Protein chains: 2
Amino acid sequence: MLYIPYDALTDTLEKGLLRAGLDEKRAAQLADVFAGNSAEGVYSHGVNRYMRFLGEVEKGIVDLKAETEVVSSFGALEVRDAHFGIGPINAEDAMARAVALSKEHGIACVAVRNTNHWLRPGRYGWQAANAGVIGMCWSNTINNMPAWGAVDPRLGNNPIVLAIPRKKGNVVADLAMTQFAFGKLEIAKLSHEQLPIYGGYDENGNLTTDPEAIQKSKRPLPIGYWKGSALSLALDMIASATALGRTTAMVAADSHTEYGITQIFIAINFRAAVDPEKADEILDTAVDYLLGSTPVDPEKPVRYPGQNTAKIRETNLSRGVPIHEETWEKILAYVNEK
Amino acid sequence: MLYIPYDALTDTLEKGLLRAGLDEKRAAQLADVFAGNSAEGVYSHGVNRYMRFLGEVEKGIVDLKAETEVVSSFGALEVRDAHFGIGPINAEDAMARAVALSKEHGIACVAVRNTNHWLRPGRYGWQAANAGVIGMCWSNTINNMPAWGAVDPRLGNNPIVLAIPRKKGNVVADLAMTQFAFGKLEIAKLSHEQLPIYGGYDENGNLTTDPEAIQKSKRPLPIGYWKGSALSLALDMIASATALGRTTAMVAADSHTEYGITQIFIAINFRAAVDPEKADEILDTAVDYLLGSTPVDPEKPVRYPGQNTAKIRETNLSRGVPIHEETWEKILAYVNEK
């Protein structure tokens, strides 16, 4: 494992993005997304996706030159068409707008259509929480999960983020509707490990902990069985109807590639309407109560979502960001190619 | 089983509520909640809760005379204190306000503190969807579910509703954060049935399908294991901070009775900002695609959440609403008591 200093990392990534054709502003913004996600420990959605992103640009799935258009707005609700541009940049810009609107209206929603994979969903929750507002956002995906009772995948695993700002540490729940994220299945497969609990069905329709069998059958379990199934459908529909965007069904019908998807960003400027210190105190009661739980395994105290992120970031900023050697070599080869 | 005509049912329930001390308007509104929930097939949260509600009134948990106060508002965000009044009425009034605000601002949020159990969560989703807007609402609860990795229950099972209006039938996902709702555990226990999948742990910490063992251990599984755990915490925190209301922790600290809880209602007036017919078409694609799924069991076609509700209501309105004889006798005894 290599440990690359953060600035050197963003520098290199930026160079490659400029080479791929991004303008300077976008290259800097996107390099920070890749590096930042790795720095915060979400290695599955950080630097290791860099070459895949460049591949999507080459295939024409991501349009580097696309400009987001504000299609319409009504009060605190704004609808955008991202015209198949760069997913993480579209997401960051949309959440920034939702936050600004929420500071004016108390709650706001920016819905984005025709956007692309946003890498790590939690990033946009942190963004809202760091701006002092509750952030909610979710994205639909291509069809990658069967509905409850179904064999064929006709739902997306639509990741949702619920982010709550707190002086003692933001709480950021970031969860896809499949029991195991696809990145997790891949990592388990590569390290020849079984999943700790059933993650889906094998090709014979039996529940299994074998990640490869689930990838083959394309039948991962939704979170909460039929409940995850319901949640997934609702998230797809709310986002798509609000944005007039493509549903999972429409993405599936169009191609086997996930692009032109739909996202929604809701911001609740909760501190505007109540005593902000009281609100902070209330948030602390929930977390402190949770942290006081009796753990099943005395060695593993209960944590809240997002609890370790700041610590990991600190470590990785002082020690350098861990990157697999092969990944780094490929990036350097691309960046330095004549 | 008795089948009571809807009008006769609401009439009787109303009489009892007047006897208990509700004014005429509230008695009529609440009678319709009890009867309506049963009429729509949600028997676990309908007429069978009537006597329990009256018991809560007697215990002083529910204050029949309480007037909801608008504590503060900011743009499209309104905060209410229900002063421990009647849960279903507070919820219905709050969603009505959220819907009205969303028609003005595009998105709106009404957060309610110090309210009480709202019976069937889905009702308020139907309310929003019937008014043509997306409805999202959730409630926190007393501590009734351990966090992921914990033994003692320090999270609520915080039911969430996501409701999407659609001309061909609203989609209403209504789900608590426990794999099985507590009403379901109770029904399975009473009918001496095992759960179809693991629903929680027994007192020895083993996963079990025995509903009674789960009730004893107080360790139901969250939906999606650690994901349900994260979702639950986030829902508690967003609602409580926005409403300046009591968290699950605060409800737990105060007593062993669930009251004075917090709810949130978000309405997205999605048809205001886009072509409403287009939006409707998009919603249909998601549902039609889902309905076309290959079912695991050919006898059980895949359904969408809320699909059967209208049909059940129609049947129960024409045939009469099914009520257990014992339940009906107790109600009649109360209503007709001198």
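Residues numbered from 1 in each chain as written. Chains lettered and ligands numbered in written order. Predicted model: local features only at pLDDT ≥ 70, side-chain atom pairs only at ≥ 80, totals over all residues. Heavy atoms only, no water.

Peer 1: Looking at this structure, how should I read the packing of aromatic side chains?
Peer 2: To describe a pair of aromatic rings, one takes the distance between the centres and the angle between the planes. Residue and element names in this part refer to chain A. Tallied over the entire structure, the rule returns six aromatic pairs over all chains. Centre to centre, the rings of phenylalanine 34 and tyrosine 50 are 5.3 Å apart; their planes meet at 80°, and the pair counts as edge-to-face. With phenylalanine 34 in helix α2 (residues 24-39) and tyrosine 50 in helix α3 (residues 50-58), this pair connects stretches of sequence that are 16 residues apart. Ring centres of phenylalanine 34 and phenylalanine 53 lie 5.9 Å apart, and the angle between their planes is 65°; this geometry places the pair in the edge-to-face category. Of the two residues, phenylalanine 34 is situated in helix α2 and phenylalanine 53 in helix α3; the sequence distance between them amounts to 19 residues. (Phe/Tyr/Trp six-rings, centres within 6.5 Å; stacked < 30°, edge-to-face > 60°. Helix = DSSP H or I, 4+ residues; strand = E, 2+ residues; numbered from the N terminus.)

Peer 1: In this structure, what is going on with the state of the cysteines? I would like to understand it.
Peer 2: Covalently bonding the sulfur atom of one cysteine to the sulfur atom of another cysteine gives a disulfide. Across all of its chains, the model carries zero disulfides over all chains by this definition. Cys109(A) takes part in no disulfide bond, and the closest cysteine sulfur to it belongs to Cys137(A), at a distance of 11 Å. (Disulfide = S-S within 2.5 Å.)

Peer 1: Looking at this structure, how should I read the domain arrangement of chain A?
Peer 2: Much of the literature gives interface size as the accessible area that the parts lose upon coming together. All names here are of chain A. Parsing chain A into structural domains produces domain 1 (1-59 + 308-338), domain 2 (66-177 + 224-292) and domain 3 (179-221). The C-alpha-based centres of domain 1 and domain 2 are spaced at 24 Å. Each partner contributes to the roughly 1,300 Å² buried at the junction of domain 1 and domain 2, and carbon and sulfur atoms together form 58% of this total. Considering only the surface of domain 1 that becomes buried against domain 2, Arg26, Gln29 and Val33 emerge as the three largest contributors, covering 39% of it. Along the contact surface separating domain 1 from domain 2 lie three salt bridges. For arginine 123, the salt bridge goes to aspartate 32, with nearest N and O atoms at 3.0 Å. Where domain 1 meets domain 2, there are seven residue pairs in polar contact (both at pLDDT 80 or more). Top contributing element to the side of domain 1 that touches domain 2 by residue count: α2, with eight residues. (Domains from an automatic or database assignment. Buried area = accessible area lost by both parts, 1.4 Å probe. Salt bridge = Lys/Arg side-chain N within 4 Å of Asp/Glu carboxyl O. Polar contact = N/O pair within 3.5 Å; in protein donor to acceptor, adjacent residues only side chain to side chain.)

Peer 1: I would appreciate a short explanation of the sheet that holds strand β8 (residues 160-164) of chain A in the present structure.
Peer 2: Across a sheet, strands are paired by hydrogen bonds formed along the backbone, either parallel or antiparallel in direction. Residues and elements named next belong to chain A. If you walk across this open sheet you meet the seven strands as β2-β3-β4-β12-β5-β8-β9, and the pairing is mixed. On the outer flanks of this sheet lie β2 (69-74) and β9 (171-175), each paired with one strand and no other. For this sheet, the mean angle separating the axes of adjacent strands, direction not counted, is 10°. Bridge analysis of strand β5 (residues 134-139) against strand β12 (residues 261-268) gives six bridges, and the strand direction is antiparallel. From the neighbouring strand, isoleucine 134 faces β12, where its bridge partner is isoleucine 268. Lying on the sheet, helix α5 (residues 122-130) is in contact with β5, β8, β9 and β12; it crosses β8 at an angle near 25°. (Pairing = 2+ DSSP bridges. Axes fitted to C-alpha atoms, helices over the stretch in contact; angles between N-to-C directions. Contact = heavy atoms within 4.5 Å.)

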